[in-house]
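Report on the structure
The primary structure of each chain is shown beneath.
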Amino acid sequence: MKKLTFRQRVIQGVQDLFYIWKQEFRTTFRDQGVLIFFILVPLAYPLIYGFIYTNETLRDVPAVVVDDSRSSLSRKYVRMLDASPEVAVVAHCADMEEAKLAMRERNAYGIVYLPETFSDDIAAGRQTQVSLFCDMSGLMYYKALLSANTEVSLEMNAEIKTARAGNTTERQDQITVYPIEYKDIALYNPTNGFAAFLLPAVLMLVIQQTLLLGIGLSAGTAREKNQFRDLVPINRHYNGTLRIVFGKGLSYFMVYSLVAVYVLCVVPWIFRLNRIAIPGELILFTLPYLSACIFFSMTASIAIRNRETCMLIFVFTSVPLLFLSGISWPAAAIPPFWHYFSYLFPSTFGINGYVRINSMGATLNEVSFEYQALWLQTGIYCLTTCIVYRWQILQSRRHVIEAYRRYKALRENK
């Protein structure tokens, strides 16, 4: 064979790179399975999550009341509780047994019990109490019922204090009720909504998981179609590690650049989530995240032997990765081993960085740890991808040589 100069080798490598890019691009849009993971799932999945949590907060949680006091003051408490946006009083029960039956039948998610001495204790200047029993199988119900009862009790406390203080001015009443003034300000989530808390993390995880599944499915298809079930086909254009890695990576990056714009910008706009990121900062942060996810997925694809394998290996990881990110479950409560184990996945740094940039208005300097970690992952997983594909190239060559030797031996025997 004619020996090529360095310049000719570079030109041939670039030509092969774009040939591989074109082939991978064509495979992506011809394979229905890959197309579903790369296009349909990123388009539909965030919308499904968004529509589920459109209301953001839980309203009118059904509750029943057991009022043993049966006084005007206890009835006022129940009216104020029913008027709150979080709770709807659906029934007045004669006793606790009837109330428990309502909870067992799922007609209510909480019981509010006012004791017989409720009004008498207040009239005599003694402390009384209201008991709340909640269905703890759903923490959102507990939160709504507890906050509503707390607000109502504080409001009635304020009225009782004012009535007994004997003040002559409105300002004196305010000081009597609240000697220390306080304000409750929900930073970065003014509605205290569930979507504003969870959806940004899910959006970043969708990008990683769909890439993982799509690239894994593509790898399984390649093994099924190739003669020796290798990841790299027997083709002169695939005779180089870097051209394969960057050719495939460029194809995935071009597709997911558009997908990322939709998932990270359009979806939050549709559902009116917090969007206070500086566009340039968000773009610069997304760049290493996409790169790390692509190379991580290409490295992981070495474990895929057929099209179905990627579903068995990767799908179940979505929920654990959401917990390991430290968004769904506090990072301070995660055991050290699992905390450091989460550093293997780009989603850990991507989720935390995106939430702080997009929902809190952070800059790259303020998420420097996550930003640098993503670039480090990009470099490490790029290297591991090159190792994986170099090994596959050598495997493919070895299989070709062995096949040629068998063919030659067969010819000689004849």
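Structure shown above.
Residues numbered from 1 in each chain as written. Predicted model: local features only at pLDDT ≥ 70, side-chain atom pairs only at ≥ 80, totals over all residues. Heavy atoms only, no water.

All right, on to the overall build of the protein chain then. Along the backbone of the protein chain there are 15 helices and four strands. What you see for the protein chain is a C-alpha radius of gyration of 31 Å, clearly larger than the 22 Å of a compact globule of 414 residues, by over 25%. Considering only C-alpha atoms, the protein chain reaches an extent of 110 × 45 × 35 Å along its principal axes. A burial count over the protein chain gives 43% of its 414 residues as buried. A fraction of 79% describes how many contacts in the protein chain between residues 6 or more apart in sequence connect residues 24 or more apart. Counting only carbon and sulfur atoms, one obtains 61% of the accessible surface of the protein chain, whose full area is about 23,400 Å². (Helix = DSSP H or I, 4+ residues; strand = E, 2+ residues; numbered from the N terminus. Rg over C-alpha atoms; globule rule 2.2 N^0.38 Å. Buried < 20%, exposed > 50% of the residue type's maximum accessible area, 1.4 Å probe, protein only. Contact = heavy atoms within 4.5 Å. Areas by Shrake-Rupley, 256 points an atom, 1.4 Å probe, with all protein chains shown as cover.)

Our next topic: helix 2 (residues 32–52). For helix 2, the principal kink sits at Val 41 and spans about 45°; a proline, Pro 42, occurs within the next four residues. Against helix 1 (6–30), helix 8 (194–225), helix 9 (241–270) and helix 11 (309–314) lie the buried residues of helix 2. (Bend = angle between axes of the 7 residues up to and from the residue.)

This paragraph deals with the side chain of Thr 309. Looking at the element boundaries, Thr 309 is found in helix 11. The class for Thr 309 is buried, based on a relative accessible area of 15%. Polar contacts involving the side chain of Thr 309 include one to the side chain of Asn 306, which spans 2.7 Å. The residues touching Thr 309, leaving out its near neighbours within four places in the chain, are Ala 303 and Ile 304. (Polar contact = N/O pair within 3.5 Å; in protein donor to acceptor, adjacent residues only side chain to side chain.)

As paired strands, strand 1 (residues 61–67) and strand 2 (residues 87–92) are joined by five bridges and run parallel to one another. Directly across from Val 61, in strand 2, lies its bridge partner Val 87. Each parallel crossover has a hand, and for strand 1 linked through helix 3 (residues 72–83) to strand 2 it is right-handed. (Pairing = 2+ DSSP bridges. Right-handed = clockwise from strand over helix to strand, strands pointing away.)

Our focus in this paragraph is the sheet that holds strand 1. Strand order in the open sheet formed by four strands is 2-1-3-4, and the pairing between neighbours is mixed. Each edge of the open sheet carries a strand with a single partner, namely strand 2 and strand 4 (131–134). Looking at each pair of strands side by side, their axes are set apart by 30° on average, direction ignored. Along the sheet, helix 4 (residues 96–104) makes contact with strand 1, strand 3 (110–114) and strand 4, crossing strand 3 at roughly 165°. Packed on one face of the sheet, helix 6 (residues 139–165) meets strand 1, strand 2, strand 3 and strand 4 and runs near 165° to strand 4. (Axes fitted to C-alpha atoms, helices over the stretch in contact; angles between N-to-C directions.)

Time to look at the pairing of strand 3. Looking along a regular strand, one sees side chains alternate from face to face of the sheet. Within strand 3, four of the five residues are buried, which leaves it mostly tucked inside the rest of the structure. Bridge analysis of strand 1 against strand 3 gives four bridges, and the strand direction is parallel. Within the sheet, the bridge partner assigned to Val 65 lies in strand 3 and is Val 112. The pairing of strand 3 with strand 4 spans four bridges and is antiparallel. Its bridge partner being in strand 4, Gly 110 is matched across the sheet by Cys 134.

Spatial relationships are all this shows, so hold off on functional conclusions.
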